[in-house]
Amino acid sequence: MWCYSALAQLARLDDVLIAGSDLSGLLLGRPYVGTRHHEWQATGSADVEAHRDLLVRLVAEMDTRIRNLPPRRDKFTRFHAGFPLIVVVLEEFAGLLRLASTAPVEKGQPKMREQLLALYGRLVSEGHKAGLRLMVVTQRADATVVGGFERGQLGLRISFRLDDPEALVMLHGQSARDHLEEHQLAPPGVALVQAPARPLGRVRGPRLMGPSEDADYARYWDEIADGAARLHEVAA
């Protein structure tokens, strides 16, 4: 629900492009058909190479932007419709890695899983200066997915209620132990949040306003479609 609310707001901004990978095609993909975001998204589990190719394209865009940095500048801070901030959503990246571990590759090429991890590592470590932001969504921040290096690069970390309290420690460090008992009983929508220069604390996440929680996903579709229509009207 947090992702629905966050992405629905971002999709309405003409200086933001929502790209990424989603095996289910529920968060990305189907809601974005007919929008400018869709061509920058890879969905479904039938073609792992499509997800790899999308990350290759994003890394290439990142490299091009870095090469074109103006003199005396080390990062991009201004964005517009022709040069948008790119939000890269990796929905359940752990599942993609599991699927990639059995994907065939050409002889002499690294395994598909290793290719994905290498591309992900580059986006995490170099994307910020090029105007890319990563949203990594996973059920559990295992070291095989969000390693120590990657965790250090992902400054904003949000955890909703989990059955396994050690998963909080895995993402937030030892300071999360002070919140374990309380967070196991947290109501839906209440999260632990950690950010640079901000201690670990609890917040209530936003939710799209609809008639009921059961209608949240339909409202998300409507918000994406309305945002696309509004941008087309502005362009016209």
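Look a little higher up for the structure.
Residues numbered from 1 in each chain as written. Predicted model: local features only at pLDDT ≥ 70, side-chain atom pairs only at ≥ 80, totals over all residues. Heavy atoms only, no water.

Draft legend 1. Quick look at the sheet that holds strand E7 (residues 198-204). Taken in spatial order, the 3 strands line up as E5-E6-E7 in an open sheet, and their pairing is antiparallel. Whereas interior strands pair on both sides, the edge strands pair on one side only; in this sheet they are strand E5 (157-159) and E7. Sheet twist, expressed as the average angle between the axes of neighbouring strands with direction ignored, equals 20°. With 3 bridges joining them, E5 and strand E6 (residues 190-195) adopt antiparallel strand pairing. Each residue of the ladder has a partner; that of Ser-159, found in E6, is Leu-192. (Pairing = 2+ DSSP bridges. Helix = DSSP H or I, 4+ residues; strand = E, 2+ residues; numbered from the N terminus. Axes fitted to C-alpha atoms, helices over the stretch in contact; angles between N-to-C directions.)

Draft legend 2. Structural view of the nonpolar core. Among the nonpolar cores identified, the biggest contains 27 residues, and Leu-55, Leu-58 and Leu-116 are the most heavily contacted of them. Broken down by secondary-structure element, the contributors of at least two residues to this core are strand E1 (16-22), helix H2 (48-67), strand E3 (85-91), helix H3 (93-100) and helix H4 (112-126). With sequence-adjacent residues up to four places away left out, Leu-116 is seen in contact with Val-48, His-51, Arg-52, Leu-55, Phe-93, Leu-96, Leu-97 and Ala-100. Core analysis: the next-biggest nonpolar cluster, separate from the first, contains 17 residues, Cys-3, Tyr-4, Ala-11 and Met-135 among them. (Core = buried A, V, L, I, M, F, W, Y, C linked by side-chain atoms within 4.5 Å. Buried < 20%, exposed > 50% of the residue type's maximum accessible area, 1.4 Å probe, protein only. Contact = heavy atoms within 4.5 Å.)

Draft legend 3. View of the packing of H2 against H4. Here H2 crosses H4 at 30°, and the two axes come no closer than 10 Å. As the angle between them shows, H2 and H4 are arranged roughly parallel. H2 and H4 meet at a crossing whose hand is left-handed. Residues Val-48, Glu-49, His-51, Arg-52, Leu-55, Val-56, Leu-58, Val-59, Met-62, Asp-63 and Ile-66 of H2 form the contact with H4, whose own contacting residues are Met-112, Gln-115, Leu-116, Leu-119, Arg-122, Leu-123 and Glu-126. Classifying every residue of the contact of H2 with H4 gives 11 nonpolar, 2 polar and 5 charged. (Parallel < 35°, antiparallel > 145°, perpendicular 65-115°, else oblique. Left-handed = near helix turned anticlockwise from the far one by under 90°. Nonpolar A, V, L, I, M, F, W, Y, C, P; charged D, E, K, R; others polar.)

Draft legend 4. Geometry of the pattern of salt bridges. Following the criterion strictly, the structure yields 11 salt bridges and no others. Note that Arg-113 and Glu-114 form a salt bridge whose closest N and O atoms lie 3.8 Å from each other. Here Glu-223 and Arg-219 are joined by a salt bridge, their closest N and O atoms 2.9 Å apart. Taken together, the residues span about one helical turn, with Glu-223 and Arg-219 both in helix H8 (residues 216-235) at a distance of 4 residues. (Salt bridge = Lys/Arg side-chain N within 4 Å of Asp/Glu carboxyl O.)

Draft legend 5. Seen up close, the pairing of E6. For E6, a buried count of 5 out of 6 residues is recorded, marking the element as mostly surrounded by other parts of the structure. Relative to E7, E6 is paired through 5 bridges, and the arrangement is antiparallel. Within the sheet, the bridge partner assigned to Ala-191 lies in E7 and is Val-203. Connecting E6 to the next strand, E7, in antiparallel fashion are 2 residues, including Ala-197 with a positive phi near 65°.

In short, the description is geometric, and any link to function would need to be established separately.
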